[in-house]
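Structural features, examined
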Amino acid sequence: MRLARPALAFTAFPLGNAMSNEGMTLIVGVTLGPIAVASMSVVRTVVNSIRQLMDTINGAVWPEVSTAFGAGDLGTARRLHRIACKASIWLAVPAALGLLAFGVPLIGVWTGGNVAVDIRFFQMMLAVMVLKTLWFTSSIVPVAVNRHVRMAGVYVSGTALALAIAYWLTPLWGLSAVAVGLLVADVLMVVYV
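Now for a look at the structure at hand. Remember, it's a predicted structure, so these values are computed and weren't measured experimentally.

**Details of the packing of aromatic side chains**
The full count for this structure, using the stated rule, is 5 aromatic pairs. Seen from their ring centres, F10 and F13 are 5.8 Å apart, and the 70° between their planes marks the pair as edge-to-face. Judged by centre distance (6.0 Å) and plane angle (50°), the rings of F10 and W62 are tilted. Residue F10 is found in helix α1 (residues 4-10), and its partner W62 is found in helix α3 (residues 34-70); the two are separated by 52 residues along the sequence. A residue is classified by how much of its surface remains accessible, and F10, at 35% relative accessible area, is partly exposed. A residue is classified by how much of its surface remains accessible, and W62, at 31% relative accessible area, is partly exposed.

**Points about the environment of I140**
Along the polypeptide, I140 turns up in helix α6 (residues 140-144). In this structure, the C-alpha to C-alpha distance between I140 and V187, residues 47 residues apart in sequence, is 17 Å. Apart from the residues lying within four places of it in its own chain, the contact partners of I140 are N58, V61, W62 and V65.

What counts as what
- Residues numbered from 1 in each chain as written.
- Predicted model: local features only at pLDDT ≥ 70, side-chain atom pairs only at ≥ 80, totals over all residues.
- Heavy atoms only, no water.
- Phe/Tyr/Trp six-rings, centres within 6.5 Å; stacked < 30°, edge-to-face > 60°.
- Helix = DSSP H or I, 4+ residues; strand = E, 2+ residues; numbered from the N terminus.
- Buried < 20%, exposed > 50% of the residue type's maximum accessible area, 1.4 Å probe, protein only.
- Contact = heavy atoms within 4.5 Å.

What follows is the structure, encoded as structure tokens:
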């Protein structure tokens, strides 16, 4: 029973991801229409390739942090955390710069030129992804040691706030409002984590 609360809290992460992905798609569809949904989805897919790099690092480090913490070896856990964070930044920043330089032509080739890219939205989404590196890899520490309950609440609340901001601002700012909402959510996570 002691693990029921952390187990239930862990489901908040896929819930928050679904809210962010599907919720933003619904908001953009309702407020801007299907053409904007196609543009947002393509940009989000390309930008999320950077998150896949961070997921790879997290997946490799997570069990090691759990093992070190369980053995009481906090020095190793700290060292692993520091190395993982450095690796995430060293991978994410050059990847974001590469996408900044070549992402729009890549999207043009990928979509056969059929999807227009809002350059400002694309740039803002890259900035959001780089900001995410400041908390995303560090988030494995509380998860690895089953102390993620509050963090899960902050994540879902931040995502809900991002949806509200996007819904409110999208008619005024277009797709950039999606990035602003996600930016606010990531700032909350940086502060918490």
